[in-house]
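Secondary and tertiary structure notes
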Amino acid sequence: MYRIGVDIGGTFTDFALFDAAGGRMAIHKQLTTPRDPSAAVLDGVATMLAANGVAIDRVHDIVHGTTLVTNAVIERRGAVTGMLVTAGFRDILDMGYESRYDLYDLRLRFPPPIVPRRLRAEIDERMRPDGKVERRLDRASVRAAVAGLKDQGIEALAVCLLHSYANPAHEQAVAKLVAKEFPDLYVSTSADVFPNMREFERWTTTTVNAFTQPMFDRYLRRLEDGLAGQGFRGRVYIMTSSGGTVTTETARRYPVRALESGPAAGALMSAHHGRSLALDEVLAFDMGGTTAKGALIRNGQPLKKYMMEVARVHEFKRGSGLPVRIPVIDMIEIGAGGGSLAGVDERGLLRVGPKSASADPGPACYGRGGTGATLTDANLVLGYLDAGFFLGGAMRLDRKAAEAAIRDAVAKPLKLSLARAAWGIHEVINEDVARAFRIHASERGFDYRGASMVAFGGSGPVHAMAIARKLKIPRVVFPVGAGVMSALGLLASPLSFEVARSRRVHVADLDAAAFADEFGRLVAEASGFLTRAGVAEGDIRVTLRLDMRYQGQGHDIEVTLPQAGDFGKGGLAALFADLPRLFGAAYAETYLVSFLEEPIEIINWKVEAAGPAPDFTSGYSLGDPPSGDAKAALKGRRRVYLGEVGDYVEVPVYDRYKLAPGTRIAGPCVVEERESTCIVGKGDRAEVDWHYNLVAELAR
């Protein structure tokens, strides 16, 4: 049985073909087609299968990760979307938090709401916070409002009513009416997308879902039809931001859950490597052609959260983006990648990114019409990349074009030599990424100085050792197939779905039966998404979490409940009796003290249902297992620029695919594979372990 992982990036689309029976892997990488990303997917699947002699009818499933939804929100390329709100609450999206993310910025900007004010309509209804009806729904006002929005050309509709998390009846009635009388509209209701008690986050999440739904539906239809035309008879699954996969039916209903779908796969695979290598704490570092991402892995699991920001006006400033409430792996993302454009800013200083040359036209060295100087051009000039072995030789790079671009954009304006200008581009990116990781880790209390870095992506292994040195991280792991590791991570992800619902209640006001009933409904809802996808009920693993706080507090903490052998009423009742102790322990772990006599509140109830983990061998190989030593793997020598020396130095170049387990090499050197290149610094040492990873120890 074969499985395929496909990850669409801003510059390249990555593919992985896995034979579950033999533990063998084949990988492929090709340029993304920005106008229609499905074209690159369809072409790449056909190319990879043909190259490996595998018929498409032998492929059981295809797992897909994409940044399509994120890009649509950032670039505002979604559908014209209308919004129905409770009368009197039309301006919630403009009011937001009514706070400033930078007190001293006199030119403060916020991202504009997904739905402009002219496309928001008020309807007559009102629900109380306890779920009781204050004012009955006026269906005539709904018809009139939707008809008016239709006249303005909307294609999608977000239904966002007050306190619908407590009672979704009015939103459900609106959705039913619209489906019957306006069947061509895509409809998202806030109580379905994210039933949270905070209106602003719930409504922005719902508008993002509605805004991207038509685009994502059409994309998936093109993809499924194209694969069917090639003879594919299996199922397509979509990676979500939380690190699980869902069916295309679920993805169509909740495209907002795919905002960080591709990057999440890389973090998941980093956690997989951390567990297999017995590394408790890991910093996952992914750099591709457009962006760099970082995620923290603790105790074998990536850190998660239930809110993210998209379309930030300022990259590092929390509060400058649109808040979206979904379960998501906690990552930081910055505009630093192989396609990042370099130039001199208005202060006369070198600036690299966040604008990217993307796949079309791409960096100057691609020879596709690009003229801007990029990070890839700089790495080519510095000798880190081989112009004749990019993508294993399938794509030849133009060094002269790279030199001309850097000379015109950076070297001449700053009166630098070509080598120093290229090194400046490379080093600015290293420092930008290191600074972002410092902030991200310190905000989460993560001491990376004792952790290991797992580096991947097309550009990540080129920069990993230098960034690790800045952060004082002692060890860097370069996995097999690092250039396409997010595609590999897709194949390690189980089917899963998470639900979260607000219900504020004092623990003292609950009894075991009410506690069991509340969680029982959520367990049934979350598990239903898996059973409908064919997962046996007995194979579903359930995790329960609660957001809790002491009475009167404004912030809550998440408490993960212990796994119970039985999630029926008996097992849940036993968990209920232990709630005060569990919360006290979680609170003390966070704040060092707890107040066990104070009344405790539950704010949000969360359930994660996951199917069995796929059969994914950690010691997979690409082609025949390597059997050579360092001497056999030596391809030759090449002049590369070493920052610590300040000049070009001739260093050995090794073939990654000929380095057998146990082989040791010393830096400075270059280790090449088809989809990426590892740069090992002066004084550093690296060894191939028995999982075929290249593990580098930094010089002390």
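These lines cover the structure that appears in this document, whether it is placed above or below.

Cut-off values and rules
Residues numbered from 1 in each chain as written. Predicted model: local features only at pLDDT ≥ 70, side-chain atom pairs only at ≥ 80, totals over all residues. Heavy atoms only, no water. Pairing = 2+ DSSP bridges. Helix = DSSP H or I, 4+ residues; strand = E, 2+ residues; numbered from the N terminus. Axes fitted to C-alpha atoms, helices over the stretch in contact; angles between N-to-C directions. Salt bridge = Lys/Arg side-chain N within 4 Å of Asp/Glu carboxyl O. Buried < 20%, exposed > 50% of the residue type's maximum accessible area, 1.4 Å probe, protein only. Parallel < 35°, antiparallel > 145°, perpendicular 65-115°, else oblique. Left-handed = near helix turned anticlockwise from the far one by under 90°. Contact = heavy atoms within 4.5 Å. Nonpolar A, V, L, I, M, F, W, Y, C, P; charged D, E, K, R; others polar. Phe/Tyr/Trp six-rings, centres within 6.5 Å; stacked < 30°, edge-to-face > 60°. Lys NZ or Arg CZ within 6 Å of the ring centre and 35° of its normal. Core = buried A, V, L, I, M, F, W, Y, C linked by side-chain atoms within 4.5 Å.

The strand order across the open sheet built from four strands is E6-E5-E9-E10, with neighbouring strands paired in parallel fashion. Each edge of the open sheet is held by one strand with a lone partner, namely strand E6 (120-123) and strand E10 (186-189). With strand direction ignored, the average angle separating the axes of adjacent strands in the sheet is 20°. Where strand E5 (residues 81-86) lies against E6, four bridges are found, and the strand directions are parallel.

Across all of its chains, the model carries 50 salt bridges by this definition. The partner of Glu199 in a salt bridge is Arg202, and the shortest N-O contact between them spans 3.6 Å. Note that Glu199 and Arg202 are positioned in helix H7 (residues 199-230) at a spacing of three residues, about one turn of the helix. For Arg202, a relative accessible area of 0% corresponds to the buried category. Ionic pairing is found between Asp345 and Arg347, a salt bridge with its closest N-O pair at 2.8 Å. A cluster of three or more residues bridged by salt bridges with shared partners is formed by Lys304, Glu498, Arg545, Asp547, Glu558, Lys606 and Glu608.

Attention now goes to the packing of helix H1 (residues 37-51) against H7. The contact between H1 and H7 brings their axes to 9 Å, and the two run at 25°. Here H1 lies roughly parallel to H7, going by the angle between them. In this structure, H1 meets H7 at a crossing whose hand is right-handed. Of the residues in H7, those in contact with Pro37, Ser38, Val41, Leu42, Val45 and Ala46 of H1 are Tyr219, Arg222, Leu223, Gly226, Leu227 and Gln230. Each residue belonging to the contact of H1 with H7 can be placed in one class, and the counts come to eight nonpolar, three polar and one charged.

Summed over the entire model, instances satisfying the criterion amount to 20 aromatic pairs. Relative to Phe110, the ring of Tyr101 lies with its centre 5.2 Å away and its plane at 85°, an arrangement referred to as edge-to-face. Connected via pairs of aromatic rings, a cluster forms that spans Phe515, Phe519, Phe576 and Trp605. Sitting over the ring of Phe529, Arg532 keeps its end group 4.9 Å from the ring centre. Its guanidinium or amino end placed over the ring of Tyr306, Lys606 lies 3.5 Å from that ring's centre, counting from NZ or CZ.

With that settled, consider the nonpolar core. Leu84, Phe216, Phe515, Phe519 and Leu561 are the most contacted members of the largest nonpolar core, which has 118 residues in total. Dropping the residues within four chain positions of it, Leu84 is found in contact with Ala121, Ile123, Val142, Ala145, Val146, Leu149, Leu157, Ala158, Val159, Cys160, Leu161 and Val174. One finds Ala402, Ala419, Val476 and Phe478 within the second-largest nonpolar core, a separate group that totals 82 residues.

What follows deals with the pairing of strand E23 (residues 452-456). With respect to burial, E23 is a largely interior element, five of its five residues being buried. Residue alternation in E23 divides its side chains into two sets, Ser452, Val454 and Phe456 and Met453 and Ala455, and both sets are buried. Where strand E13 (residues 281-287) meets E23, five bridges bridge the pair, whose relative direction is parallel. Looking at E23, one finds that Phe285 is bridged to Ala455. Of the pairings in the sheet, the one linking E23 to strand E24 (residues 475-478) comprises three bridges and is parallel in character. Residue pairing for E24: Val454 is matched across the bridge by Val477.

Everything listed here is a matter of geometry and, on its own, says nothing about what the molecule does.
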